[in-house]
Amino acid sequence: MLVEWLAAVAAAGGTAVVQAAGTDVWVSVRQRVAHVLGRDDPEREQAELMRLDQTATDLASLAPEESALIRARQEASWTARFEMLLESLGEAERERVARELNDIADQARQASVGGVSANVFHGPTAFQVGNDNRQDNHFGPRA
């Protein structure tokens, strides 16, 4: 099981994939993500490129009423892929991959225009990506 900060890094990576799809940084983010997940295996990297292309195609063809749900599912799917990768690595490699995922998330975030672009709840941890963020969470009945 991943510690909270690694789970947050994986969530940031999942958000970055969805956030970058269809933007000017997509080509770079797509290549970087495929390289991270491919782990120096050209065949695996090619398979990841195809998955990323399918994600971009799926996101580009969304109807407005299904946008939020599909985007959330895509983020969760990519987050899970990153979590599995991080869990499979030794400590030194895990830290290197975590830094790379943070860099990818920064790149995707910089391509977004103001406001909250995504947030993820992972257990008791909330991770939010975007500019000038404020997040107020209220659970239970209003008093």
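To start, this report covers the structure provided alongside it. (Residues numbered from 1 in each chain as written. Predicted model: local features only at pLDDT ≥ 70, side-chain atom pairs only at ≥ 80, totals over all residues. Heavy atoms only, no water.)

Things to note about unusual backbone geometry
Part 1: Not every positive phi belongs to a glycine, and R39 is a case in point at roughly 50 degrees.
Part 2: You can see R39 is positioned in the loop between α2 (26-38) and α3 (42-60).
Part 3: Look at R39 and you get partly exposed, because its relative accessible area is 39%.
Part 4: Phi angles above zero are rare outside glycine, and D40 is one such case at about 65 degrees.
Part 5: Tracing the backbone shows D40 in the loop between α2 and α3. (Helix = DSSP H or I, 4+ residues; strand = E, 2+ residues; numbered from the N terminus. Buried < 20%, exposed > 50% of the residue type's maximum accessible area, 1.4 Å probe, protein only.)

Quick word on helix α1 (residues 4-20)
Part 1: For α1, spanning 17 residues, the distance from its first C-alpha to its last is 24 Å, which sits close to the expected 24 Å at 1.5 Å a residue.
Part 2: By the criterion of burial, α1 is predominantly enclosed, with 15 of the 17 residues buried.
Part 3: Phi turns positive, to about 85 degrees, at G22, one or two residues after α1. (Expected span 1.5 Å × (residues − 1).)

Observations concerning the packing of aromatic side chains
Part 1: Applying the stated criterion to the full structure yields one aromatic pair.
Part 2: The interplanar angle of 40 degrees and the centroid separation of 6.4 Å between the aromatic rings of W78 and F82 together place this pair among those described as tilted. Of this pair, W78 and F82 both sit in helix α4 (residues 67-88), four residues apart, roughly one helical turn.
Part 3: For W78, a relative accessible area of 2% gives the class buried. (Phe/Tyr/Trp six-rings, centres within 6.5 Å; stacked < 30°, edge-to-face > 60°.)

So, the packing of α1 against α4
Part 1: Here α1 crosses α4 at 135 degrees, and the two axes come no closer than 7 Å. With respect to their mutual orientation, α1 and α4 come out oblique. α1 and α4 meet at a crossing whose hand is right-handed. Of the residues in α4, those touching α1 at L6, A7, A10, A11, G13, G14, T15, V17, V18 and Q19 are R71, Q74, E75, W78, T79, F82, E83 and L86.
Part 2: In the contact of α1 with α4, the residues fall into nine nonpolar, six polar and three charged. (Axes fitted to C-alpha atoms, helices over the stretch in contact; angles between N-to-C directions. Parallel < 35°, antiparallel > 145°, perpendicular 65-115°, else oblique. Left-handed = near helix turned anticlockwise from the far one by under 90°. Contact = heavy atoms within 4.5 Å. Nonpolar A, V, L, I, M, F, W, Y, C, P; charged D, E, K, R; others polar.)

None of the figures reported here should be taken as evidence of function without further support.
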